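What follows is each chain in one-letter form.
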Amino acid sequence: MMTTLAEVTGSGEGYITVICHQKPNCEDCISVNHCGIVGQKFLEKVLDIRVLALTPVRAGSLVEIGFEEQTILKSIMIVYIVPLLFMIAGAFFGQYLTTRVAGGEGTVILSSLLASGVGVAIARHFFRRLEQKVEVTPTLIRVFDIPLAESFVINSVTEDSE
């Protein structure tokens, strides 16, 4: 299970909403001197997540939430692999059209772009269906009753890594 710290922004019946700031490990990167502040800011992400909670948690509290690895792998497969496979299939179809009908590289490129667009639409559909499932929502592990400072940015870590 992957865990991360988050700040509670609100609550409802049976759930809380949290905000999670994730910043890349730019200090460990070889190219840290070349991407600059702008590149680092583009990589920083703020995630607004809905988490199941049996007990109400005060807004502004710091909580630890956990994500199942299987959920993350499914998300990666849907978001990255499906459009890529459609793009490759579109390139093959474009190449087939080029050999059958007088065409050039433009046909292959256009076919590949159209197929990857279809792949993105299909991936978006399946990703939304995956988000609706209860078993893929993050779980509340622990509640710290201290507020999260504005400048405090955290990284996700795995429990079993040392």
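Rules of the game
Along every chain, residues carry numbers that run from 1 in the direction the sequence is written. Totals for whole chains, interfaces and linings use every residue, but because this is a predicted model, local features are given only for residues with pLDDT of at least 70 and side-chain atom pairs only at 80 or more, for both listing and counting. Side-chain metrics rest on all non-hydrogen atoms present in the structure, leaving aside hydrogens and water. Runs of E in the DSSP output that reach at least two residues are strands. Runs of H or I that reach at least four are helices, and both are numbered from the N terminus. Summary of the burial criterion: residues with accessible area below 20% of their type's maximum are buried, those above 50% are exposed, and those between are partly exposed, where the area comes from a 1.4 Å probe applied to protein chains only. Throughout, a residue-residue contact means that at least one pair of heavy atoms, one from each residue, lies within 4.5 Å. Only the protein chains shown count as cover for residues, and all accessible areas are computed by the Shrake-Rupley method using a 1.4 Å probe. The working definition used for a salt bridge is a side-chain nitrogen of Lys or Arg within 4 Å of a carboxyl oxygen of Asp or Glu. What makes a nonpolar core is a set of buried Ala, Val, Leu, Ile, Met, Phe, Trp, Tyr and Cys residues whose side-chain atoms join them at distances within 4.5 Å. Along the chain, pLDDT gives the predictor's confidence residue by residue, from 0 to 100. Any pair of nitrogen or oxygen atoms within 3.5 Å is treated as a polar contact; in protein, a donor-acceptor pairing is required on top of that, and neighbouring residues in sequence qualify only through side-chain atoms on both sides. One less than the residue count of a helix, multiplied by 1.5 Å, gives the span that helix is expected to have. Throughout, bend refers to the angle between the axes fitted to the seven residues that end at a position and the seven residues that start at it.

Our next topic: the overall build of the protein chain. If you tally the helices and strands in the protein chain, you get three helices and six strands. Along the protein chain, helices and strands appear, N-terminal first, in the series β-β-α-β-β-α-α-β-β. Counting over 162 residues, the protein chain shows a buried share of 26%. In the protein chain, the proportion of contacts linking residues at least 24 apart, taken out of those at least 6 apart, comes to 77%. A total of about 11400 Å² of accessible surface is found on the protein chain, and carbon and sulfur atoms cover 62% of it.

The next thing to look at is the pattern of salt bridges. Overall, the coordinates contain one salt bridge when judged by the stated rule. A salt bridge links Arg142 to Glu64; the nearest nitrogen and oxygen atoms lie 2.5 Å apart. With Arg142 in strand S5 (residues 139-147) and Glu64 in strand S4 (residues 61-67), the pair connects residues that are 78 residues apart, well separated along the chain.

Membership of the largest hydrophobic core is limited to 11 residues, which are Ala6, Val8, Ile16, Val18, Cys20, Ile49, Val51, Ala53, Val57, Val63 and Ile65. Going through the elements one at a time, strand S1 (2-12), strand S2 (15-22), strand S3 (45-52) and S4 are the ones with two or more residues in this core. Here this core takes three residues from S2, the largest share from any one element. Apart from the residues within four sequence positions on either side, Val57 is in contact with Val8, Ser11, Ile16, Val63, Leu140 and Val143.

Take the confidence of the model for the protein chain next. With 70% of its residues at a pLDDT of 70 or more, the protein chain shows a mean pLDDT of 77. Of all helices and strands in the protein chain, the one with the weakest mean pLDDT is strand S6 (residues 157-158) (49), whereas helix H3 (residues 105-132) scores best (90).

Further remarks concern the environment of Thr137. You can see Thr137 is positioned in the loop between H3 and S5. Take Thr137: its relative accessible area is 23%, and that puts it in the partly exposed class. Residues Thr137 and Arg50, 87 residues apart in the sequence, show an inter-C-alpha distance of 7.5 Å. When sequence neighbours within four positions are dropped, the list of residues in contact with Thr137 reads Arg50 and Leu52.

So, about the side chain of Ser61. Assignment of secondary structure puts Ser61 in strand S4. There is a polar contact of 3.0 Å between the side chain of Ser61 and the backbone oxygen of Arg58.

This brings us to helix H2 (residues 69-100). Along its 32 residues, H2 runs 45 Å from first to last C-alpha, staying within 8% of the 46 Å computed at 1.5 Å per residue. Largest kink in H2: about 35°, centred on Ile81, with the proline Pro83 one to four residues after it. Within H2, the full set of buried residues consists of Thr71, Ser75, Ile78, Pro83, Gly90, Gly94 and Thr98. Residues of H2 that are buried make contact with H3.

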